[in-house]
Amino acid sequence: MKKTSTRLADGRELIYYDSRDDAVRDAYDRRPLDPVSTASEIRHDRLLGDSVAIASHRQGRTYHPPADECPLCPSRDGRLSEIPAPDYDVAVFENRFPSLAGDSGRCEVVCFTSDHDASFADLTEEQAALVLEAWTDRTAELSQLPDVEQVFCFENRGAEIGVTLGHPHGQIYGYPFVTPRTERMLASLAAHREATGGRNLFDDVLADETADGRRVVLEGEHWTAFVPYAAHWPYEVHLYPKRRVPDLLALEQAARTEFPQIYLEVLRRFDRIFGAGESGKAGEGDSSQGRTGAARTPYIAAWHQAPVRAADRTGFALHLELFTIRRTSGKLKFLAGSESGMNVFINDVPPEAAAERLREVASE
């Protein structure tokens, strides 16, 4: 991998990640941009004890542009974009409309490929491995920033999720605090250790799911993908390395090598659960199709890493959580009164049934 860092016309950082060591990145941003002005601030909710980012400048962000005006495509044919080069492998840049900025954290955009019509599931294993390298490198860099307490790499896909740019991309947030979800995991980790005389909660969860087997979707030599026993979402898969590590930086090489194979297969199964059957036709209500003919399932993919300065970093287990808001073909799972008002999820699909369905649509 070759990494090349440069600056956009408004001063934001842009980093190219190339699979070839001889790649040359000398194109510069020719757009007449003013310096980025943000109004991001963090406010504390005294009742719930969590934090909210207030970012009014995001109201003006790019919203569903036509394909020929996509800001994440390469700059070519006289059209200038966020990426000055005429082509790229993986590109990362500071978000022009960040939710977090300055001493309130940092937000970056990760472009997985220059191909506008692709998706992560369309990548080759080599391309997916390069994205993993980019996630790892950005985790290392952002963890060094004095105001960053937790690094979160994630992807939102699909208009149903709320994505406003169709180009295959994800984001990385450097939070200036430990997120509430992670705080709850750390509290459960500590309580389990106390109750079991020192056992690790993440290890026990993975061991229990493996032993039960009913919810295991896919297992490799170094990774296990399973639907959790108390899944919140109709179709939800957790992907764990078999050797517990706190973050992406600590992944051993063998796990890095196997990851693209396992993750791409899981993503492709997600596209098939509501997609093309034997007839090759997309399911009812599925308008976006991948190159295989399967309908593209909207999803969120979220890496959970140990906070930068957590007291028990080695006890935390790096893992990826993948879930869709779709519960069946043409029907979405909405967060209504119980979920949004009280944070109590009601799942219409038994986790065992979801896992069985995801096993049924395995690649031939």
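All of the points below concern the structure found in this document. (Residues numbered from 1 in each chain as written. Predicted model: local features only at pLDDT ≥ 70, side-chain atom pairs only at ≥ 80, totals over all residues. Heavy atoms only, no water.)

A word on the pairing of strand β12 (residues 299–304)
So, point 1. Among the six residues of β12, six are classified as buried, and the element is accordingly described as predominantly covered.
So, point 2. Pairing of β12 with strand β13 (residues 319–324) involves five bridges; the strand directions are antiparallel. Residue pairing in the sheet places Ile300 in a bridge with Phe323 of β13. (Buried < 20%, exposed > 50% of the residue type's maximum accessible area, 1.4 Å probe, protein only. Helix = DSSP H or I, 4+ residues; strand = E, 2+ residues; numbered from the N terminus. Pairing = 2+ DSSP bridges.)

Structural notes on the layout of surface pockets
So, point 1. Considering only enclosed or pocket space, the largest pocket measures out at about 1900 Å³ in volume.
So, point 2. Elements supplying a minimum of two residues to the lining of the largest pocket: β7 (150–157), β8 (169–175), α2 (180–195), α3 (201–212), β11 (235–241), β12, β13 and α5 (337–342).
So, point 3. The greatest single-element share of the lining of the largest pocket, amounting to six residues, is contributed by α2. (1 Å grid on protein atoms, 1.4 Å probe; cavity = no way out; pocket = protein on both sides within 12 Å on 5 of 7 lines; lining within 4 Å. Points joined across faces, edges and corners; volume = space filled by probe spheres on them.)

What about the state of the cysteines?
So, point 1. Enumeration over the complete set of coordinates arrives at zero disulfides.
So, point 2. Sulfur of Cys73: no disulfide; nearest cysteine sulfur belongs to Cys70 and is 3.8 Å away.
So, point 3. Between Cys107, a cysteine without a disulfide, and Cys153, which holds the nearest cysteine sulfur, the sulfur-to-sulfur distance is 12 Å.
So, point 4. Classification of Cys107 as buried rests on a relative accessible area of 3%. (Disulfide = S-S within 2.5 Å.)

Here's the deal with the pattern of salt bridges
So, point 1. In this structure the tally under the stated criterion is 34 salt bridges.
So, point 2. In this structure, Arg357 engages Glu360 in a salt bridge whose closest nitrogen and oxygen atoms are separated by 3.5 Å. Of this pair, Arg357 and Glu360 both sit in helix α6 (residues 351–360), three residues apart, which is roughly one turn of that helix.
So, point 3. Looking at Arg357, the relative accessible area reads 28%, which means it is partly exposed.
So, point 4. Taking relative accessible area as the criterion, Glu360 reaches 52% and is therefore assigned exposed.
So, point 5. The structure contains a network of salt bridges with shared partners spanning Lys3, Arg7, Glu13, Glu94, Arg106, Glu108, Asp137, Arg138 and Glu141. (Salt bridge = Lys/Arg side-chain N within 4 Å of Asp/Glu carboxyl O.)

Observations concerning the sheet that holds strand β10 (residues 223–226)
The strands making up a sheet associate through hydrogen bonds between their backbones, and the pairing can be parallel or antiparallel.
So, point 1. The antiparallel open sheet is built from 11 strands, whose spatial order is β1-β2-β5-β6-β8-β7-β12-β13-β11-β10-β9. For this open sheet the edge positions go to β1 (2–7) and β9 (216–219), each flanked by a neighbour on one side alone. Strand-to-strand twist of the sheet, defined as the mean angle between neighbouring strand axes without regard to direction, takes the value 20°.
So, point 2. Strand contacts of helix α1 (residues 125–143): β1, β2 (13–18), β5 (90–94), β6 (106–111), β7, β8 and β12, with the helix running at about 140° to β2, the strand carrying the most contacts. (Axes fitted to C-alpha atoms, helices over the stretch in contact; angles between N-to-C directions. Contact = heavy atoms within 4.5 Å.)

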